[in-house]
Amino acid sequence: MSVLVVGLSHKSAPVAVLERAAVSGDTLTKLLRDVVQAEPVAEAFVVSTCNRVEVYAEVDRFHAGVTAICELLARHCGVPSHELTQYLYVHYEDRAVSHLLAVAAGLDSMVVGEDQILGQVRSAVKLAAEHGTAGRVLGELGRLALHTGKRARAETAIGRAGLSLLSVAVELAAARLGPPRPGADALAGHDVLIVGAGSMSALAVATAARSGAASIAVANRTREHAERLAAGVSTVTTTVAGLDDLPAAIAAADVVISCTGAAGQVITADMVSAALAARQAAGRAQAAGEAQGALVIMDLAMPRDVDPAVAGLPGVVLVGMDQLSEHASAVRDDDVAAVRAILEAELAAYQSAMDAARVAPVVVALRAKAANVVDAELARLAGRLSADGLSGHALDEIAQTVRRVVDKLLHAPTVRVKELAGSPGGEEYAAALRVLFDLDPRAVEAVTRAAPEQEGSR
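Rules and cut-offs
Residues numbered from 1 in each chain as written. Predicted model: local features only at pLDDT ≥ 70, side-chain atom pairs only at ≥ 80, totals over all residues. Heavy atoms only, no water. Helix = DSSP H or I, 4+ residues; strand = E, 2+ residues; numbered from the N terminus. Buried < 20%, exposed > 50% of the residue type's maximum accessible area, 1.4 Å probe, protein only. Areas by Shrake-Rupley, 256 points an atom, 1.4 Å probe, with all protein chains shown as cover. Pairing = 2+ DSSP bridges. Axes fitted to C-alpha atoms, helices over the stretch in contact; angles between N-to-C directions. Contact = heavy atoms within 4.5 Å. Expected span 1.5 Å × (residues − 1). Core = buried A, V, L, I, M, F, W, Y, C linked by side-chain atoms within 4.5 Å. Salt bridge = Lys/Arg side-chain N within 4 Å of Asp/Glu carboxyl O. Parallel < 35°, antiparallel > 145°, perpendicular 65-115°, else oblique. Nonpolar A, V, L, I, M, F, W, Y, C, P; charged D, E, K, R; others polar. pLDDT = per-residue confidence, 0-100. Left-handed = near helix turned anticlockwise from the far one by under 90°.

Q: Mind laying out the overall build of the chain, listing which residues take part and the relevant values?
A: When you go through the chain residue by residue, the secondary structure sums to 18 helices and 10 strands. Burial analysis of the chain (458 residues in total) assigns 46% to the buried set. Split by element, the accessible area of the chain, about 21900 Å² in all, is 53% carbon and sulfur.

Following this line, the structure appears as structure tokens:
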């Protein structure tokens with residue numbers, strides 16, 4: 001079995017394609033279940049964000065695995081296979097593991113070093129565990145990715161150098177609104193509307209509050225969810241609204257950040273036109289040639305929440321994922337190099353562990369056979385010597401001595417075979433042990449089968 005990843009991201013596909021390929025909610029769950037039910041696939045999890053959709057799977061055949069995943073991805077995201085294929089990338093075995101580590105560390109993000117991707121990988125692994133599609137192999141791989149991502153942020157400056165998408169969005173919004181007063185926060189004096197109440201919206205609320213927003217309104221289809229999100233902010237005046245109240249809520253805002261999981265458009269051109277009329281009546285409209293009074297709308301959803309025609313309305317600045325990618329903050333080369341060094345060390349440790357795991361069944365079978373031989377010989381010896389009046393204590397000393405001798409004799413070859421497992425032809429050393437010690441193949445297979453069974457029973 002080997003790890004395979006098939007996916008597309010902002011690096012391989014334009015935003016318009018990513019928008020069509022986005023999967024979430026029930027569609028994501030169905031994709032996950034269908035992938036793991038494919039004949040070549042044993043385990044799977046899916047990382048789906050606003051700028052990537054990646055299927056990670058444990059497969060027993062490369063080509064069959066790629067074909068099955070590509071077909072299922074096209075079917076569930078609604079993009080015909082012949083259109084989708086040209087934007088897909090495929091990584092296999094060590095390259096697949098290396099790619100996941102880079103994703104979790106933020107090196108593959110639109111904004112290098114952003115923190116949100118780590119939580120998204122965690123959610124992907126958790127969802128797979130809840131639905132029983134990730135077992136021992138991908139469960140361990142997920143834990144490795146999260147550990148590596150945390151190390152990268154704790155031991156380097158990558159997290160501080162690379163801003164999140166929301167931080168970049170706030171910076172762009174502030175730039176469109178005009179420079180803040182000296183010493184003031186980016187959104188100081190400005191009213192912010194957050195559309196949606198999911199995890200991205202929660203981050204948007206927190207980011208707006210940290211950026212000094214004068215007030216924050218949360219609009220969502222389910223009012224209770226909006227109220228819960230607004231209640232989490234104590235430093236800023238907050239209000240809530242339903243989606244039916246969006247024109248009025250937009251009219252009262254300087255910055256709108258929309259990040260729902262809706263399948264269609266949430267903010268239409270007609271809705272914004274009505275909001276602009278209300279703003280003009282209230283004296284909030286933009287004067288000619290002035291930044292003050294502009295309505296900035298940030299569309300962070302995938303697929304897009306905002307009708308692209310909104311960009312053509314007077315006094316409106318629409319910023320989408322395309323613009324965010326152009327303004328992604330640069331990260332110092334030495335920060336990236338430091339993170340890559342961590343990734344290489346973690347990958348090397350993972351490879352060594354996997355190599356050792358491959359020969360472990362042979363080692364266990366060898367020690368089990370040696371233990372059985374020792375037990376049989378000690379039993380025969382005890383039967384002979386007990387008749388001569390040898391004490392039980394003496395027999396125990398003899399047994400311990402024999403077991404220590406056998407352990408010492410086996411120690412060097414078993415440790416050495418684990419060390420050599422990662423070298424070219426490493427599996428041949430395990431095969432040599434099987435032949436030299438005449439190990440029963442069925443015993444080795446039994447140990448191999450027992451490992452995942454024991455893991456699953458924990």
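Q: Help me get a handle on the sheet that holds strand β1 (residues 2–9), residues and values and all.
A: With antiparallel pairing, four strands are arranged side by side in an open sheet as β2-β3-β1-β4. In the strand order of this sheet, the two ends are held by β2 (41–49) and β4 (89–92), each with one partner. Taking each pair of neighbouring strands and ignoring which way they run, the sheet shows an average axis angle of 15 degrees. Of the pairings in the sheet, the one linking β1 to strand β3 (residues 52–59) comprises eight bridges and is antiparallel in character. Residue V3 lies in a different strand from β3, and its bridge partner there is E58. Across the sheet, helix α7 (residues 136–155) touches β1, β2 and β3, and the angle it forms with β2 is around 35 degrees.

Q: Please set out unusual backbone geometry residue by residue, giving values where relevant.
A: The backbone of E93 sits at a positive phi, close to 55 degrees, despite the residue not being glycine. Following the sequence through the fold, E93 ends up in the loop between β4 and α5 (94–105).

Q: Describe in detail the sheet that holds strand β8 (residues 255–258), supporting the description with residues and values.
A: Read from one edge of the open sheet, six strands run β7-β6-β5-β8-β9-β10, paired in parallel fashion. Lying at the two open borders of the sheet, with one neighbouring strand each, are β7 (237–241) and β10 (316–319). The average undirected angle you get between the axes of adjacent strands in this sheet is 15 degrees. For β8 and strand β9 (residues 295–299), the ladder comprises four bridges, and the chain directions are parallel. Within β9, the position partnered with V256 by the bridge is I297.

Q: Quick one: what's the story with the pairing of β3, residue by residue and with numbers?
A: The element β3 is extensively covered by neighbouring structure, given that eight of its eight residues are classed as buried. The two faces of β3 match: R52, E54, Y56 and E58 on one face and V53, V55, A57 and V59 on the other face are all buried. Pairing between β2 and β3: eight bridges, direction antiparallel. If you follow V46 over to β3, its bridge partner there is V55. Connecting β2 to the next strand, β3, in antiparallel fashion are two residues.

Q: Run through α5, naming residues and quoting values.
A: Given 3.6 residues per turn, any residue in an α-helix points the same way as the ones three and four places further on. Helix length check: α5 (12 residues) gives 16 Å between terminal C-alpha atoms against 16 Å at 1.5 Å per residue, within 8%. Among the 12 residues in α5, nine count as buried, and that is most of the element. Those residues of α5 not exposed but buried are A96, V97, H99, L100, L101, A102, V103, A104 and A105. G106 occupies a position one or two residues after α5 and carries a positive phi of about 90 degrees.

Q: So what about the nonpolar core? Which residues, and what values?
A: Among the nonpolar cores identified, the biggest contains 103 residues, and L8, F45, L84, I216, I257, M298 and L324 are the most heavily contacted of them. Apart from residues no more than four positions distant in its own chain, L84 is found in contact with L8, A21, L73, A74, C77 and V79.

Q: Outline the pattern of salt bridges, listing residues and values.
A: Across all of its chains, the model carries 13 salt bridges by this definition. Note that E19 is salt-bridged to R304, the shortest N-O span being 2.9 Å. In this pair, E19 sits in helix α1 (residues 15–21) while R304 sits in the loop between β9 and β10, placing the two residues 285 residues apart along the sequence. Accessibility expressed as a relative area gives 32% for R304, which makes it partly exposed.

Q: For the pairing of β1, give the residues involved together with the corresponding values.
A: Counting buried positions along β1 yields eight of eight residues, so the element is predominantly enclosed. The alternating pattern of β1 places S2, L4, V6 and L8 and V3, V5, G7 and S9 on opposite faces, both of which are buried. As judged from the four bridges shared by β1 and β4, these two strands associate in the antiparallel manner. Residue pairing for β4: G7 is matched across the bridge by Y89.

Q: Account for the packing of α5 against helix α6 (residues 116–130), naming residues and giving values.
A: Close contact between α5 and α6 brings their axes to 7 Å; oriented N to C, the two are set at 130 degrees. Relative to α6, the element α5 lies oblique. Where α5 approaches α6, its residues L100, V103 and A104 are matched on the opposing element by I117, L118 and V121. Of the residues contributing to the contact of α5 with α6, the split by class is six nonpolar, no polar and no charged.

Q: Break down the confidence of the model for the chain for me, with residues and values.
A: Confidence along the chain averages 84 in pLDDT terms, with 87% of residues attaining 70 or more. Counted against residues more than four places away or in other chains, residues 287–291, with its pLDDT under 50, gives five contacts. The low-confidence segment residues 452–458, where pLDDT is below 50, has two contacts with residues more than four positions distant or belonging to other chains.

Q: Just give me the short version of the environment of A217, but keep the residues and values in it.
A: Mapping A217 onto the fold places it in strand β6 (residues 215–219). For A217, a relative accessible area of 16% translates into the label buried. Not counting residues up to four positions away in its chain, the partners in contact with A217 are V192, L193, I194 and T239.

Q: Tell me about the packing of helix α2 (residues 25–37) against helix α3 (residues 62–77), and please be specific about residues and values.
A: What describes two packed helices is the angle between their axes and the distance between those same axes. Taken N-terminus to C-terminus, the directions of α2 and α3 make an angle of 160 degrees; their axes are 10 Å apart at the nearest point. Taken together, the axis directions place α2 and α3 in an arrangement best described as roughly antiparallel. Judged by the twist between their axes, the crossing of α2 over α3 is right-handed. Residues T27, K30, L31, D34 and V35 of α2 form the contact with α3, whose own contacting residues are I69, L72, L73, R75 and H76. For the contact of α2 with α3, the class distribution of residues is five nonpolar, two polar and three charged.

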